[in-house]
Amino acid sequence: MKLDPSNLNIKKIFGVWMLRIGLVGCGAIATSIVNAVLEGIINPKVVALYDRSIYKAEKLGRLVRAQVCHSIDELVRKDLDVVIECASIQAVEEVAIKAIENRKDVIVMSVGAFKDLNLYQRLYSLAKKHNRRIYIPSGAIAGIDAIKAVSLGKIYEVTLITIKPIEGLRDSLEKQGFDIDKISEPTTVFEGSFSEAIEKFPQNINVSLVLHLASNYPTKVKIVVDPNISVNRHEVIVRGSTGTIRTTVENTPSKENPRTSVLAAYSVIRLIKDLSEPIVIGT
């Protein structure tokens, strides 16, 4: 979706156009956004924050002098341009609906929620009705701009191969009964559809949904755990009528949350920057 800053009611503060944002969820992604603001990488005004943990919200709120809200309803009523969901798959529906109905645009980080395509269609229709936009960052993979372009032709295959260290998959593997201590070499722990992958690895494989939505083609997923690596590796193969796209990204895991890649946080930070830029590069 092409970004159009003119659609945003961005407030002019001290002669500078400033995007006003609210954060729902104050974990690794929100911390990265706040740090980017403090370092001057982006220049939005963080107006409000909400997290079920009041401690987390207050900790981030103090850094950027943002108001800590006690509910999503309270946050979406603030004077905001964009609400950023970086909480959980379970939070997406409530955050998006309440934000849109209060005439706010939304950035969704927990894109795995859209494995429920009915939810995707409902939010699409709601956003269209209220003339709002839902933004989905590229996340931890490369080539989404090219894949969106290729999707205008014919696509024959979309495959994602994700290789992660044990810590990046530990919670999901333990829930599925894997004996982590016995994994001493690269081991395939999943092969199947993107929807099955998200069901079994809800905190780890959101990129498969981004691929599906960008390509409009069922994505095949293979997940490998490798105790000998320290990066999150995503290999994407897309074959279509225009040719073949192959990308490989090796991401450094976030220090705050090893399930999240630093690139995933940077993708939303870049999107925030693009929303207030006069020129946007890429599709």
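Residues numbered from 1 in each chain as written. Predicted model: local features only at pLDDT ≥ 70, side-chain atom pairs only at ≥ 80, totals over all residues. Heavy atoms only, no water.

**As for the overall build of the protein chain**
Moving on, step 1. The number of helices and strands found in the protein chain is 10 helices and 13 strands.
Moving on, step 2. Relative to the compact-globule value of 19 Å for 283 residues, the protein chain shows a C-alpha radius of gyration of 19 Å, a close match.
Moving on, step 3. Once the C-alpha set of the protein chain is aligned to its principal axes, its extents read approximately 55 × 45 × 35 Å.
Moving on, step 4. By residue count, 51% of the 283 residues in the protein chain fall in the buried class. (Helix = DSSP H or I, 4+ residues; strand = E, 2+ residues; numbered from the N terminus. Rg over C-alpha atoms; globule rule 2.2 N^0.38 Å. Buried < 20%, exposed > 50% of the residue type's maximum accessible area, 1.4 Å probe, protein only.)

**A few points about the pattern of salt bridges**
Pairs can form between side chains of opposite charge whenever their charged atoms are close.
Moving on, step 1. Using the criterion set out here, one finds 14 salt bridges in the structure.
Moving on, step 2. Between Lys 115 and Glu 199 there is a salt bridge, and its shortest N-O distance comes to 3.1 Å. Taken together, the positions of Lys 115 in the loop between strand S7 (105-108) and helix H5 (117-129) and Glu 199 in helix H8 (residues 194-200) put the pair 84 residues apart, joining distant regions of the chain.
Moving on, step 3. Where Arg 233 meets Glu 250, a salt bridge forms, and the shortest distance between an N and an O atom there is 2.8 Å. Placement of the pair is Arg 233 in strand S12 (residues 232-240) and Glu 250 in strand S13 (residues 243-251), with a sequence separation of 17 residues.
Moving on, step 4. Residue classification places Glu 250 among the partly exposed residues on the basis of a relative accessible area of 49%.
Moving on, step 5. Linked by salt bridges that have partners in common, Arg 20, Asp 79 and Asp 81 make up one network. (Salt bridge = Lys/Arg side-chain N within 4 Å of Asp/Glu carboxyl O.)

**As for the domain arrangement of the protein chain**
Moving on, step 1. Taken as a whole, the protein chain is organised into domain 1 (18-139 + 264-275) and domain 2 (144-252).
Moving on, step 2. A separation of 25 Å is found between the C-alpha centroids of domain 1 and domain 2.
Moving on, step 3. Between domain 1 and domain 2, the contact holds 12 residues from the first and 10 residues from the second.
Moving on, step 4. Taken over both partners, the interface formed by domain 1 and domain 2 buries close to 910 Å², and the fraction arising from carbon and sulfur atoms is 73%.
Moving on, step 5. If you sort the residues of domain 1 by the area they bury against domain 2, Val 111, Lys 115 and Ser 138 come out on top, with a joint share of 48%.
Moving on, step 6. Within the side of domain 1 that touches domain 2, the residues separate by chemical class into eight nonpolar, three polar and one charged. (Domains from an automatic or database assignment. Contact = heavy atoms within 4.5 Å. Buried area = accessible area lost by both parts, 1.4 Å probe. Nonpolar A, V, L, I, M, F, W, Y, C, P; charged D, E, K, R; others polar.)

**Here we look at unusual backbone geometry**
Moving on, step 1. For Asn 131, which is not glycine, the phi dihedral falls at a positive 55°.
Moving on, step 2. If you trace the backbone, Asn 131 turns up in the loop between H5 and strand S8 (134-135).
Moving on, step 3. At Asn 216, a residue that is not glycine, the phi angle is positive and equals roughly 55°.

**Quick notes on the UniProt feature "binding site: NAD(+)" (unreviewed entry) in the protein chain**
Moving on, step 1. UniProt's entry tags Ala 140 and Asn 206 with the feature "binding site: NAD(+)" (unreviewed entry), counted in the numbering of this structure. For this annotated set, covering 67 residues, all C-alpha atoms fall within 8.9 Å of each other, a compact arrangement in space.
Moving on, step 2. Judged by relative accessible area, which is 5%, Ala 140 ranks as buried.
Moving on, step 3. Aside from chain neighbours lying at most four places away, what touches Ala 140 is Val 207, His 234, Val 249, Asn 251, Ser 261, Leu 263 and Ala 264.
Moving on, step 4. Checked against the element boundaries, Asn 206 lands in the loop between H8 and helix H9 (207-215).
Moving on, step 5. In this structure Asn 206 touches Ile 89, Met 109, Ser 110, Val 111 and Gly 112, once residues within four positions along its chain are discounted. (UniProt positions renumbered as here; feature names shortened; annotations may be inferred.)

**Some remarks on the UniProt feature "transmembrane region" (unreviewed entry) in the protein chain**
Moving on, step 1. The UniProt entry lists residues 21-42 under the feature "transmembrane region" (unreviewed entry), expressed in the numbering used here.
Moving on, step 2. The span residues 21-42 is 50% helix and 18% strand, and its two end C-alpha atoms sit 12 Å from each other.

**What about the side chain of His 234?**
Moving on, step 1. One can find His 234 in strand S12.
Moving on, step 2. For His 234, a relative accessible area of 2% gives the class buried.
Moving on, step 3. Of the polar contacts made by the side chain of His 234, one reaches the side chain of Thr 162; its length is 2.9 Å.
Moving on, step 4. For His 234, the contacting residues outside a window of four places in its chain are Ala 140, Ile 141, Leu 160, Ile 161, Thr 162, Lys 164, Val 207, Thr 247, Thr 248, Val 249 and Asn 251. (Polar contact = N/O pair within 3.5 Å; in protein donor to acceptor, adjacent residues only side chain to side chain.)

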